[in-house]
Amino acid sequence: MNKISKTLLRQDGMGVEIGARIFLFILFLITDDATPFRRQIQPEEVWLYKFPHSEDFIRAKTVILCNVSISLFIIWIIYKINRNRNEAVASILGGSMSLLLSMVVPNFIKLVVGRPRPDFFARCYHGTDMPSDPEELAMAVCPGPEDMIIQGYKSFPSGHSSMAFGGMAYLSFYIAWSLKVFQRSQLPFPSLRLFVFLTPLILATLVAASRTCDYHHHWQDVTVGSILGIFLSYLSYRQGFPSFLESDDKASKIVPMSPPIRELAPLTGIRTF
């Protein structure tokens, strides 16, 4: 075990940081299976919930796995270029917090709002004949599988969209800071650096858009979920880093995200404030 690893394990602050993330992950597991409020459907809005049911185009596990693997890969590449351990540790802490918050916060909102998904009645009458009369549909007691019905009331906001932007927007902010995408610098290939910054955001947008294509979310769900993910990712990013729009002289130091980051400074020779 190298000197940095031993130092991190000795710091109480790092234990708190890890514990907070474990707590958030447990909250996600609990809220993901919880029963939401069942919002009443009016006859005039029945058409909003009569779309066909299909499997997820992109599963939640795939979104989480891609977020983690892509982020760690990019952070590793930037670390190999910069050789800045403080920055690498801060980015992992911030990225993990951003992703977990974007998983937990939408779940709590889903439970409170209880909006039906676009394919709600296909879930409600899964395997049986669906009535055609809107009045009868609005007052129906769903005969379908209970687990499908429970998930059918978790439309707002989109968890996939929030998770996608919670991970990828944070990565874009970190790329913008590390590669000085929006700062006046002498670094070559400005267009290439801009493309690298935009790529994670494009991937997140595709994930969000897919949630309307498989009829699992309304466009409002996707919009709010995406905004929520970007907001949480920026909060997490700013906890550990300066604004990526700051000039070189102001952005030359990393704001410590937690006590362990500050205490790593003597080992790396980097000044913090």
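Residues numbered from 1 in each chain as written. Predicted model: local features only at pLDDT ≥ 70, side-chain atom pairs only at ≥ 80, totals over all residues. Heavy atoms only, no water.

Caption draft 1: Seen up close, the state of the cysteines. Applying the stated criterion across every chain yields a total of one disulfide. Paired through a disulfide, Cys-124 and Cys-142 show a sulfur-sulfur distance of 2.0 Å. Around the S-S axis, the bridge from Cys-124 to Cys-142 shows a dihedral of about -110° and counts as left-handed. Separated by 18 residues along the polypeptide, Cys-124 in helix α5 (residues 120-124) and Cys-142 in the loop between α6 (134-138) and α7 (146-152) bring together distant segments of the chain. For Cys-124, a relative accessible area of 1% corresponds to the buried category. (Disulfide = S-S within 2.5 Å. Helix = DSSP H or I, 4+ residues; strand = E, 2+ residues; numbered from the N terminus. Buried < 20%, exposed > 50% of the residue type's maximum accessible area, 1.4 Å probe, protein only.)

Caption draft 2: How the structure looks around the packing of helix α3 (residues 60-82) against helix α8 (residues 159-178). Orientation of α3 relative to α8, taken along the N-to-C sense of each, is 10°, at an axis distance of 9 Å. If you check the angle between α3 and α8, you find them roughly parallel. Taking contact as the criterion, the partners of Ala-60, Val-63, Ile-64, Asn-67, Ile-70, Ser-71, Ile-74, Ile-75, Ile-78 and Asn-82 in α3 are, on α8, His-160, Met-163, Ala-164, Gly-167, Met-168, Leu-171, Tyr-174, Ile-175 and Ser-178. (Axes fitted to C-alpha atoms, helices over the stretch in contact; angles between N-to-C directions. Parallel < 35°, antiparallel > 145°, perpendicular 65-115°, else oblique. Contact = heavy atoms within 4.5 Å.)

Caption draft 3: Just the nonpolar core, in detail. Formed by 34 residues in total, the largest nonpolar core has its most connected members in Met-103, Tyr-174, Trp-177, Tyr-237, Phe-241 and Phe-244. When residues of this core are traced back to their parent elements, those giving at least two are α2 (12-32), α3, α4 (85-113), α8, α9 (190-213) and α10 (219-240). The dominant element in this core, judged by the number of residues it contributes, is α8, at twelve residues. Phe-244 has contacts with Phe-173, Ala-176, Trp-177, Phe-182, Gln-183, Tyr-234 and Tyr-237, leaving out every residue within four places of it along the chain. Judged by nonpolar contacts, the second largest core, of eleven residues, contains Val-46, Phe-121, Cys-124 and Tyr-153. (Core = buried A, V, L, I, M, F, W, Y, C linked by side-chain atoms within 4.5 Å.)

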